[in-house]
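Chains, contacts and geometry: an overview
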Amino acid sequence: MDKIIPLSVPSFQGNEKKYVDETIVTEWVSTAGSFVEAFEKKISEYNGSQNAVACANGTSALHITLLESGVSQNDEVIVPAVTFIAPINTVRYAGAQPVFMDCDDHLNIDVKKVEQFIEDECDFDGNSLKNRSSKRAIKAILPVHVFGHPVDMEYLMDLAQRYKLTVIEDATESLGSTYTMGKYKGKRTGSIGDYGCYSFNGNKIITTGGGGMIVTDNAKAASHMHYLTNQAKDDDVYFIHHEVGFNYRMTNLQAALGLAQLELLDKYIEIKRRNFQRYRSALDGHKGLFFIEEPEYSRSNYWFYTLVVERDQYSLSRDELLQKLSEKGIQTRPLWYLNHLQKPYKDCQSYKIEKAHWFYERVLSIPCSVGLREEEIDRVVSEIKH
Ligand SMILES: *Cc1c(COP(=O)(O)O)cnc(C)c1O
């Protein structure tokens, strides 16, 4: 069999080894060390946010921002049905309840349906938003920039400001994605809401092995989140603690890797976009296949290449295609199982979820690693056509 083509694996093409070596030579490998601060600074500069807080992973970054937002027991958070489950779980870690929303044609949260939900199903007293059926307060909204494609933040921020909702952007998949039109032209995903969260897991566009980051313009919140991620330690001598903290710090080893990877990010986005065009010109419109594309107001990092497989009487179903490609050594993946149907959340409220079901049955993500060679892309294309 030909060599396996994985879905999404990391690529180390720069100073990774040099910086990681430095942490070993200097023996600063753990949660103290100069790379952590340097990485935070570089991420906040890159992202155009005032502050950054490095975390153990993207999930812990989301957890801390929910706590910092004051989301707690008996609150609700508006979330998308279509996303990796991590952000939904963090709503539960905070003791709150998710309310699930449908997706749009880019697989992102449908902001117009969110507005409809608020107008038809909630009461606003000028200060707080209350869900009429559950009687709980809705504190926050957590949009996810799915597969790297930017959510319509202009629409969503207007809504959030009108109803005093905190906005936490799950930008874990969209590092480097940018708005090219409208009010947020030139701004990056993650820099628009009250908080933005990133992940540097091994399958993301750049990786630290495992790591995460929070960005925010709120300096006071950033300093408190640093404190919370560091066991809420008030001092280094007597170890006095005034709050329940967490061990959510990133290590110097991880940050060294991250700093080197960040130097490559713009180049990686170019490669991702170029490879997408190669796939697109070969496959888009071919026998009922089409790609999920970046919204017209944005430039996506194209973290994932996502096909919609529309079956006709001559072609394979999505799952048959997945199986055939797997037999040929090509790894692909359907959409995550929809979160409002997952066992821990099936009793939670969901609002008019329709499109998500349609996409759930048809979506297939195909190999997208930065290191993908042109002949590998051509092999994937020809197997899909075959
Ligand atoms: C990867 C991912 C996360 C979680 O990040 P980890 O670093 O794996 O904890 C959260 N949300 C989304 C949408 C993700 O894709």
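Conventions and cut-offs
- Residues numbered from 1 in each chain as written.
- Predicted model: local features only at pLDDT ≥ 70, side-chain atom pairs only at ≥ 80, totals over all residues.
- Heavy atoms only, no water.
- Buried < 20%, exposed > 50% of the residue type's maximum accessible area, 1.4 Å probe, protein only.
- Helix = DSSP H or I, 4+ residues; strand = E, 2+ residues; numbered from the N terminus.
- Pairing = 2+ DSSP bridges.
- Near = heavy atom within 4 Å.
- Polar contact = N/O pair within 3.5 Å; in protein donor to acceptor, adjacent residues only side chain to side chain.
- Areas by Shrake-Rupley, 256 points an atom, 1.4 Å probe, with all protein chains shown as cover.
- Nonpolar A, V, L, I, M, F, W, Y, C, P; charged D, E, K, R; others polar.
- Patch = residues over 30% accessible without salt bridge, like charges linked within 9 Å, V, L, I, M, F, W, Y side chains within 5 Å.
- Salt bridge = Lys/Arg side-chain N within 4 Å of Asp/Glu carboxyl O.
- Core = buried A, V, L, I, M, F, W, Y, C linked by side-chain atoms within 4.5 Å.
- Domains from an automatic or database assignment.
- Contact = heavy atoms within 4.5 Å.
- Phe/Tyr/Trp six-rings, centres within 6.5 Å; stacked < 30°, edge-to-face > 60°.
- Lys NZ or Arg CZ within 6 Å of the ring centre and 35° of its normal.

With that settled, consider the pairing of strand β1 (residues 51–55). Within β1, five of the five residues are buried, leaving the element largely enclosed by the surrounding structure. The side-chain alternation of β1 yields two buried faces, one formed by N51, V53 and C55 and the other by A52 and A54. In the sheet, β1 pairs with strand β10 (residues 212–216) via five bridges, with the strands oriented antiparallel. Its bridge partner being in β10, V53 is matched across the sheet by I214.

To continue, consider the site of the ligand. Neighbouring the ligand are 16 residues; T59, D170, E173, S199 and K204 lie closest to it. Between the ligand and the protein, one listed contact pairs an oxygen atom with a side-chain N or O atom of T59 at 2.5 Å. Take K204: an N or O atom from its side chain is 3.3 Å from an oxygen atom of the ligand. Isolated, the ligand exposes 380 Å² of accessible area, and the fraction of that covered by the protein chains is 92%. Of all the secondary-structure elements, those providing two or more residues to the shell around the ligand are α3 (58–68) and α4 (86–93). Looking at the shell around the ligand element by element, the count peaks at three residues for α3. Partitioned by chemical class, the residues of the shell around the ligand number five nonpolar, eight polar and three charged.

Our focus in this paragraph is a nonpolar patch on the surface. A contiguous nonpolar surface patch, about 230 Å² in accessible area, is contributed by I24, V29 and L253. Take V29: it is sitting in the loop between α1 (16–26) and α2 (34–47).

Turning our attention to the pattern of salt bridges. Following the criterion strictly, the structure yields 24 salt bridges and no others. Here R362 and E310 are joined by a salt bridge, their closest N and O atoms 3.4 Å apart. Here E310 lies in the loop between β13 (305–309) and α10 (318–327) and R362 lies in helix α11 (residues 355–362), a separation of 52 residues in the sequence. Residue class for E310 comes out partly exposed when judged on its relative accessible area of 32%. Several salt bridges share partner residues, and in doing so they unite K3, R373, E375 and E376 into one network.

In terms of nonpolar packing, the biggest core is built from 98 residues, with F39, L107, L142, F200, I214 and Y279 touching the most fellow members. No other element matches the seven residues that helix α9 (residues 265–283) contributes to this core. Looking at which domains feed residues into this core, each of domain 1 (16–262) and domain 2 (265–385) supplies at least three. Setting aside anything within four residues of it in sequence, one finds F200 in contact with F39, I43, L175, I206, T207, T208, G209, G210, G211, G212, M213 and M250. Within the second largest apolar cluster, 26 residues are counted, among which are V114, Y163, L165 and Y351.

Turning our eyes to something else, we now look at the packing of aromatic side chains. Following the criterion strictly, the structure yields 17 aromatic pairs and no others. Consider the rings of F100 and Y345, whose centres lie 6.2 Å apart with planes at 70°: the pair is edge-to-face. Within this pair, whereas F100 is found in strand β3 (residues 97–101), its partner Y345 is found in the loop between β14 (333–334) and β15 (350–351), the two being separated by 245 residues in sequence. Note on F100: relative accessible area 0%, which makes it buried. Geometrically, the ring pair formed by F147 and F304 is stacked, given 5.2 Å between the ring centres and 15° between the ring planes. Highlighted residues: F147 in the loop between β6 (137–141) and α6 (153–162) and F304 in the loop between β12 (298–299) and β13, separated in sequence by 157 residues. Chaining the aromatic ring pairs together yields one cluster made of F276, Y279, F291, Y302 and Y305. If you follow K112 out to its NZ or CZ, it ends over the ring of Y155, 5.2 Å from the centre.

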